[in-house]
Amino acid sequence: MKLTRRQALSFSTGAIAFTLAGMRIGPALANAEDTSAAVQAFSGGAEPQSGMMTLKAPEIAENGNTVPVSVSVESPMTADDYVESVAIYAEGNPNPEVVVFNFTPMSGEASATTRMRLAKTQNVVAVAKTSTGKVYIDKREVKVTIGGCGG
Amino acid sequence: MATAKPRVKVPKSASAGEVITIKTLISHNMESGQRKDKEGNVIPRNIINKFECFFNGTPVFSCDIDPAISANPYFEFTAKVMEAGTFRFVWTGDDGKVYDTEKKIALD
């Protein structure tokens, strides 16, 4: 088969595009839709309200390997009205799930702190579920200088 | 990691009804399952996936952990103390290993 100049050119551009696609660095990352689907599944479809929960995270995280994050929810924490669980999601990580805190009336307060990994600059979302069926949400953007997911 | 060592900070005593803060840390590398070794093979996931805290046998706090939690997972949370007793802390790993430790608290 004899290649014309035009065919040869189109072949080579195709090959370059293919190589570039294969070279996409790092693992596939989650996105905002995956996160909102996860939030929906967690809240059982209830409409989340904002204001009752505070999500604390640094505005700029230099090292994505350990980003401190804390949540606290205003709640009386009595046997019939307490915060059952708080889930944290990271929109730009390979998997959006970060952690689920389960509280009991014995917790006294619905607050917890941990350290998480963030792959890149992204939104962090916290969702709380109370024993009375209320759902609270809070969101914070964290700028990440060095990502923390290897790859 | 064979040497996962739990460290827990609980006040020695509290007054009845006081809400205390508990800090816990366990040394564990929390292999996320996303990293690759020099040959390009994926290093299998091996993390602590569950942490629980009990007071005199009653659950106080627990969390379900995903690989997005940093190495040496650290948790800070609160507990309401009504009586003297013992806090028990349990970490469970993907590899089935269970690490636990206990701390006593007295009433003022």
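Predicted, not measured: the structure shown is a model, and the values here were computed from it.

In this assembly, 30 residues from chain B lie in contact with 29 residues from chain A. Of the roughly 2400 Å² buried between chain B and chain A, counting both surfaces, carbon and sulfur atoms make up 49%. In terms of surface lost to chain A, no three residues of chain B exceed B:Q34, B:A68 and B:S70, which account for 23% of the buried area on that side. Taken together, the links from chain B to chain A amount to zero salt bridges. At the boundary of chain B with chain A, the tally comes to 20 residue pairs in polar contact (both at pLDDT 80 or more). Secondary structure elements with two or more residues in the side of chain B that touches chain A: β3 (18-26), β4 (48-55), β5 (58-65) and β6 (74-81) of chain B.

Attention shifts here to helix α2 (residues 32-43) of chain A. Residues and elements named next belong to chain A. Helix length check: α2 (12 residues) gives 16 Å between terminal C-alpha atoms against 16 Å at 1.5 Å per residue, within 8%. Inspection of α2 places T35, A38, V39, F42 and S43 among the buried residues, and these make up the whole buried set. The buried residues of α2 occupy an angular sector of 125° when the element is viewed end-on, so they sit on one face. Of the residues in α2, the exposed ones pointing more than 90 degrees away from the buried face are E33 and A41. The elements touched by buried residues of α2 are β4 (83-90), β5 (97-103), β7 (122-130) and β8 (135-146). At the C-terminal side of α2, G44 shows a positive phi close to 70°.

Applying the stated criterion to the full structure yields one cavity of 30 Å³ or more. Here the largest cavity defines a volume of roughly 90 Å³. Forming the walls of the largest cavity are 10 residues, and the residues nearest its centre are A:P94, A:N95, B:Q34, B:P67 and B:A68. Residue composition of the lining of the largest cavity, by class: four nonpolar, four polar and two charged.

In this section: the sheet that holds β5(A). Judged by pairing direction, the sheet is mixed, and its 10 strands sit side by side in the order β2(A)-β8(A)-β7(A)-β4(A)-β5(A)-β5(B)-β4(B)-β7(B)-β8(B)-β2(B) without closing on themselves. Of all the strands in the sheet, just β2 (60-63) of chain A together with β2 (13-14) of chain B have a single pairing partner and so form its edges. Bridge count between β2(B) and strand β8 (residues 98-107) of chain B: two bridges; the pairing is parallel. Looking across to β8(B), one finds that B:S13 is bridged to B:A106. Most of the contacts of α2(A) go to β4(A), to which it runs at about 170°, and overall it touches β4, β5, β7 and β8 of chain A.

Here the focus is the confidence of the model for chain A. Detail in the predicted coordinates should be disregarded across regions flagged by low pLDDT. A residue-level look at chain A finds 80% of positions with pLDDT of 70 or above and a mean pLDDT of 84. Note on residues 19-26 of chain A: pLDDT under 50 across the span, and zero contacts to partners over four residues away in sequence or across chains.

On to the environment of A:V99. Here A:V99 shows up in strand β5. The exposure class assigned to A:V99 is buried, which follows from its relative accessible area of 1%. Along the primary structure A:V99 and A:V86 are separated by 13 residues, whereas in three dimensions their C-alpha atoms are 8.3 Å apart. Residue contacts for A:V99: discarding those within four places in its chain leaves A:V86, A:A87, A:I88, A:T114, B:C63, B:D64, B:I65, B:D66, B:I69 and B:F75.

Rules of the game
Residues numbered from 1 in each chain as written. Chains lettered and ligands numbered in written order. Predicted model: local features only at pLDDT ≥ 70, side-chain atom pairs only at ≥ 80, totals over all residues. Heavy atoms only, no water. Contact = heavy atoms within 4.5 Å. Buried area = accessible area lost by both parts, 1.4 Å probe. Salt bridge = Lys/Arg side-chain N within 4 Å of Asp/Glu carboxyl O. Polar contact = N/O pair within 3.5 Å; in protein donor to acceptor, adjacent residues only side chain to side chain. Helix = DSSP H or I, 4+ residues; strand = E, 2+ residues; numbered from the N terminus. Expected span 1.5 Å × (residues − 1). Buried < 20%, exposed > 50% of the residue type's maximum accessible area, 1.4 Å probe, protein only. Arc of directions from axis to C-beta. 1 Å grid on protein atoms, 1.4 Å probe; cavity = no way out; pocket = protein on both sides within 12 Å on 5 of 7 lines; lining within 4 Å. Points joined across faces, edges and corners; volume = space filled by probe spheres on them. Nonpolar A, V, L, I, M, F, W, Y, C, P; charged D, E, K, R; others polar. Pairing = 2+ DSSP bridges. Axes fitted to C-alpha atoms, helices over the stretch in contact; angles between N-to-C directions. pLDDT = per-residue confidence, 0-100.

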